[in-house]
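The chain contents come next:
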Amino acid sequence: MYCEKCGKKLEDGETCSCKTAEQAAPAAETAVVAAPAQATLPDTQKIAEGMKAISSNPVVTELINVIKGVFKAPVKQTGISAKRTDILWIILAAVEAVIASVSITVVLRHLLYILLGSAAGAMGTKLSFGDFADGLAKMDSGVWKTFGFAILGVLIMYIVGTALMFLISVIYKRNASFASVCNMLATANLPGTALMLLALIFGWIYAPISVFLMTGAAISIFVLSYMGMQKLGEGKFTSSPFWIYIIYSIIVIAVAF
């Protein structure tokens, strides 16, 4: 007997080696191609399904809608949030407090470094930021302690500001819920938080620019909170709330400091 493929002489029952090799090659190719697909496809599907589940979550959807709305039409969105009674404000307030506190910490330290660096330069010495940070740490004024004081001030400002705003709504008989007050203030703070994030970035580059950005953030919060206050509850204010709002702002800032 002879092999039909290569013509090799075969014994009874013997299979030619060229056929064995031919059958093995496709199997090996299939194994090489299939193995990575089996290993990576489930992981990719899990990631895609996880992302889809997160994006379709009602809380995430509402957060995205509020953020989009406040940057498209800040006054309008703040007024809409003044009617909300859910607890979405907790997430917004937590993120805003952390960003503001980190920004304040970075900017304060870098402004102080610029001041002391200029004084050291006038005396003919050079002060590195590393030496400056070590010096603050030795005086028990390290980065974490500074951050602790910053977040304490921000939280006090949130608590006092929210409580006073709710008190104003009661005095003016607006019938606004506490959740509505919190949602309105959390939304009014969003553009200011974006400016605080920019201030954080510039705090590392050139801190004096951050002072202007922080001032812009304060003005933004001041204006939007006033506009949102007028949308709280029902009906219209019987008298202008401007001066009561000025008193409110002075108290909040004074207590925070």
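First things first, this report covers the structure right here in the doc.

Cut-offs applied
Residues numbered from 1 in each chain as written. Predicted model: local features only at pLDDT ≥ 70, side-chain atom pairs only at ≥ 80, totals over all residues. Heavy atoms only, no water. Helix = DSSP H or I, 4+ residues; strand = E, 2+ residues; numbered from the N terminus. Buried < 20%, exposed > 50% of the residue type's maximum accessible area, 1.4 Å probe, protein only. Contact = heavy atoms within 4.5 Å. Salt bridge = Lys/Arg side-chain N within 4 Å of Asp/Glu carboxyl O. Expected span 1.5 Å × (residues − 1). Arc of directions from axis to C-beta. Lys, Arg positive; Asp, Glu negative; His and termini not counted. Core = buried A, V, L, I, M, F, W, Y, C linked by side-chain atoms within 4.5 Å. Phe/Tyr/Trp six-rings, centres within 6.5 Å; stacked < 30°, edge-to-face > 60°.

What follows covers the overall build of the chain. If you tally the helices and strands in the chain, you get ten helices and zero strands. By residue count, 32% of the 257 residues in the chain fall in the buried class. Within the chain, counting contacts between residues at least 6 apart in sequence, those at least 24 apart form 68% of the total.

Attention shifts here to the pattern of salt bridges. On inspection of all chains with the given rule, the structure shows three salt bridges. As a salt-bridge pair, R84 and D86 come within 2.5 Å of each other at their nearest N and O atoms. Judged by its relative accessible area of 29%, D86 is partly exposed. The network of salt bridges with common partners includes E62, R84 and D86.

Turning our attention to helix α2 (residues 58-72). For α2, built from 15 residues, the straight-helix expectation of 21 Å at 1.5 Å per residue is met to within 8% by its first-to-last C-alpha distance of 21 Å. All of the buried residues in α2 are L63, V66, G69 and V70. Down the axis of α2, the buried side of the element spans an arc of 135°, and every buried residue falls inside it. Those residues of α2 that are exposed and aimed more than 90 degrees away from the buried face are K68 and K72. In this structure, the buried residues of α2 make contact with α3 (74-81), α4 (88-122), α7 (178-188) and α8 (190-205).

Residue placement: K236 occurs in the loop between α9 (207-229) and α10 (242-256). Separated by 62 residues in sequence, K236 and R174 have C-alpha atoms that sit 8.3 Å apart.

Taking 1.5 Å per residue as the helical rise, helix α6 (residues 143-171) with its 29 residues ought to reach 42 Å, and the 42 Å between its terminal C-alpha atoms agrees with that figure. Those residues of α6 that sit buried are F147, A150, G153, V154, Y158, G161, T162, M165, I168 and S169. Each element contacted by the buried residues of α6 is listed here: α4, α7, α9 and α10. Where α6 terminates, the next one or two residues include K173, which has phi positive at roughly 55°.

Within the secondary structure, E96 sits in helix α4. For the buried residue E96, which engages in no salt bridge, the nearest side chain bearing the opposite charge is R84, 12 Å off.

Moving on to the nonpolar core. Formed by 14 residues in total, the largest nonpolar core has its most connected members in M165, M184, L185, M229, L232, Y245 and Y248. Residue assignment for this core shows that the elements contributing at least two residues are α6, α7, α9 and α10. Ignoring sequence-local partners within four residues, the contact set of L232 consists of A82, K83, M165, R174, A176, S180, V181 and M184. If you look at the next biggest cluster of nonpolar residues, it comprises eight residues, including A93, A100, V154 and A217.

With that settled, consider the packing of aromatic side chains. Counted under the stated rule, the structure contains eleven aromatic pairs. Taking the centre distance of 4.9 Å and the plane angle of 75° together, the rings of Y172 and F237 count as edge-to-face. Remark: F237 occurs in the loop between α9 and α10 and Y172 occurs in the loop between α6 and α7; sequence separation between them is 65 residues. For Y172, a relative accessible area of 23% gives the class partly exposed. Plain terms: the ring middles of F242 and W243 are 5.0 Å apart, the flat faces sit at 80° to each other, and that makes the pair edge-to-face. Through a chain of ring-to-ring contacts, the aromatic side chains of F222, Y226, F242, W243, Y245 and Y248 assemble into a single cluster.

Don't take any of this as a statement about function, it's just geometry.
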